[in-house]
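The chain contents come next:
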Amino acid sequence: FNKTISFKRNDKLSKELNRKYCKCIQAVRSTLKKSNKGSEYPICTSSIYTKRGIKPPKDKNKKC
């Protein structure tokens, strides 16, 4: 069984994960209080990337 994916599928996957990450950031920001500012990044990184076993990109916060 071939476990590698093509370049096009990998690109599509990274775009989709980034879209989900940005949507998560916006949703968590709207529900958190101002005292917890900045805690949305680890929450969304964990739910989108870490639990799927994917290493998050270094510049993911700049794209949102």
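Look up: the structure comes first, before these words.
Attention in this report is confined to the structure presented alongside it. The residue numbers shown here count from 1 along each chain, following its written sequence. In keeping with the predicted nature of the model, local features appear solely for residues at pLDDT of at least 70, side-chain atom pairs appear and are counted solely at 80 or more, and the whole-chain, interface and lining totals rest on all residues. Hydrogen atoms and water are omitted, and side-chain values are computed over all heavy atoms in the structure.

**Here's the deal with the state of the cysteines**
Stated formally: The disulfide criterion used throughout: a pair of cysteine sulfur atoms within 2.5 Å. For the purposes of this entry, the term helix denotes a DSSP run of H or I that reaches at least four residues, the term strand denotes a run of E that reaches at least two, and both are numbered from the N terminus.
Overall, the coordinates contain two disulfides when judged by the stated rule. Between the sulfur atoms of cysteine 24 and its disulfide mate cysteine 44 the distance is 2.1 Å. Between cysteine 24 and cysteine 44, the S-S torsion sits near -85 degrees, and that sign places the bridge as left-handed. Residue cysteine 24 is found in helix α1 (residues 7–31), and its partner cysteine 44 is found in helix α2 (residues 40–48); the two are separated by 20 residues along the sequence. The connectivity of the disulfide-linked cysteines in the protein chain, indexed sequentially, is 1-4, 2-3.

**Some remarks on the layout of surface pockets**
Here is the rule we go by: Grid points spaced at 1 Å and placed over the protein atoms alone form the basis of the search, with a cavity being a set where a 1.4 Å probe fits but cannot get out and a pocket an open set showing protein on both sides within 12 Å along at least five of seven lines. Lining residues have an atom within 4 Å of a point. Grid points are joined across faces, edges and corners, and a volume is the space filled by probe spheres set on the points. Amino acids outside the nonpolar list (Ala, Val, Leu, Ile, Met, Phe, Trp, Tyr, Cys, Pro) and the charged list (Asp, Glu, Lys, Arg) are all regarded as polar, and Gly is one of them.
The computed volume of the largest pocket comes to approximately 190 Å³. What lines the largest pocket is simply Asn10, Leu13, Ser14, Lys15, Leu17, Asn18, Tyr49, Ile54, Lys55, Pro57, Lys60 and Lys63. Its residues assigned to classes, the lining of the largest pocket shows five nonpolar, three polar and four charged.

**Observations concerning the packing of aromatic side chains**
Quick reminder of the rule: Ring pairs are drawn from Phe, Tyr and Trp, using the six-membered ring of Trp, whenever the two centres fall within 6.5 Å, and their geometry is named by plane angle: stacked under 30 degrees, edge-to-face over 60, tilted for the rest.
Tallied over the full model, the rule gives one aromatic pair. Centre to centre, the rings of tyrosine 21 and tyrosine 49 are 5.9 Å apart; their planes meet at 50 degrees, and the pair counts as tilted. Of this pair, tyrosine 21 sits in helix α1 while tyrosine 49 sits in the segment after α2, and the two are 28 residues apart along the sequence.

**Points about the pattern of salt bridges**
This is how it is decided: Salt bridge, as used here: a side-chain nitrogen of Lys or Arg that lies within 4 Å of a carboxyl oxygen of Asp or Glu. Classification of residues uses two cut-offs on accessible area relative to the type maximum, computed with a 1.4 Å probe and protein chains only: under 20% is buried, over 50% is exposed, and between them is partly exposed.
Enumeration over the complete set of coordinates arrives at three salt bridges. Glutamate 16 is the salt-bridge partner of arginine 19, the closest N and O atoms lying 2.4 Å from each other. Taken together, the residues arginine 19 and glutamate 16, both in helix α1 and three residues apart, mark about one turn of the helix. Residue classification places arginine 19 among the partly exposed positions, given a relative accessible area of 45%. Residue class for glutamate 16 comes out partly exposed when judged on its relative accessible area of 34%. Residue arginine 29 pairs with glutamate 40 through a salt bridge whose shortest N-O separation is 3.1 Å. Taken together, the residues arginine 29 in helix α1 and glutamate 40 in helix α2 connect sequence positions 11 residues apart. Residue class for arginine 29 comes out partly exposed when judged on its relative accessible area of 46%. Here glutamate 40 falls in the buried class, since its relative accessible area comes to 5%.

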